[in-house]
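# Structural overview
For reference, the chains in residue letters:
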Amino acid sequence: ELSITYAELAEASCFRREDLRAQYFFDPLPAGGRPPPAVVERDARLREVLQRTPRGLEPVAHGVPWSPNIGVVHTDVDGCAPADVADWVGELHERWHHATTMADNQCVLRELRQIWEMACVEEAPQWQLGPGHALRLHVARRGMDLAVAAECWDEAAAWARAVCSCETLIYPSPWPVPALSLARLAKLELYLCNFSAACSSGQ
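Now for a look at the structure at hand. All values reported here derive from a predicted model rather than from experimental measurement.

## What to know about the environment of Pro 65
Checked against the element boundaries, Pro 65 lands in the loop between strand 2 (56–59) and strand 3 (66–67). Along the backbone, Pro 65 and Leu 135 are 70 residues apart, and their C-alpha atoms lie at a distance of 9.1 Å.

Encoded structure:
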C-alpha cells in the first residue's frame, strides 16, 4: 500500500488545518472537536520554548507556534505565550526570513549559525527553542543543505545530527522523512570515517 500525506507533519496542526481548508476545502477536525493525543503531543513539541530559571531550563507556558510562511502566532486555541517570548521568536523569524532572501550561500550559512547560537545551544542566555521546535528544525535543515553544497562535510554532519534529533521527536516511527535524514547522516558519518556513528544512523 502506498499513501501520501496532504500536509507537512513538522508544522503545528493549526497551520496544517488552514492549508487543508485553503487547498482541499476540508478540515480533518470536526467542529468543536479536539485533536487526537498524538497530534496534541506533536504540537507541544513543535512549539516548545524553554526558559532559563534558577532550577534550569523549563518549558514556557503554551509555547510559540511558528510557520516558515506565516511566522509567529501569538495566540491560538490552546492559549497565549508570554509576549516577550513570542517577540523573541518573532525576532528569530525575521532573521530567518532575511537569511532566505540572501543571494550568497556563505552569508546564509553564517546567518544560520548565528541564529543557532542565539536560540539552540545550552548556553543560550534566557530562552531556547525546544528540541523539536519547528523553527529549530528549519534552521538545521537549511544549514545541512548549504553545508553539503559547500562541501563542508564536518559542518554538514553536525547539522544533519541536529536534523535527525529534531525529526525523531516529531514524526511517528517508521516514517520516510526521518528515515531519509538518517540515511544522509549515515553517508556523511561514513565519509568522515565515523564508522560506529554511521552504523547507528543506518540501523
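## Some thoughts on unusual backbone geometry
Residue Ser 173 is joined to Pro 174 through a cis peptide bond whose omega torsion reads 0 degrees. Looking at the element boundaries, Pro 174 is found in the loop between helix 6 (153–170) and helix 7 (176–191). Phi at Glu 151 takes a positive value of approximately 60 degrees, unusual for a residue other than glycine. Residue position: Glu 151 is located in the loop between helix 5 (134–149) and helix 6. Judged by its relative accessible area of 56%, Glu 151 falls in the exposed class. A positive phi is found at Cys 193, a non-glycine position, where the angle reads about 65 degrees. With respect to the helices, strands and loops of the structure, Cys 193 is situated in the loop between helix 7 and helix 8 (195–202).

Rules of the game
- Residues numbered from 1 in each chain as written.
- Predicted model: local features only at pLDDT ≥ 70, side-chain atom pairs only at ≥ 80, totals over all residues.
- Heavy atoms only, no water.
- Helix = DSSP H or I, 4+ residues; strand = E, 2+ residues; numbered from the N terminus.
- Buried < 20%, exposed > 50% of the residue type's maximum accessible area, 1.4 Å probe, protein only.

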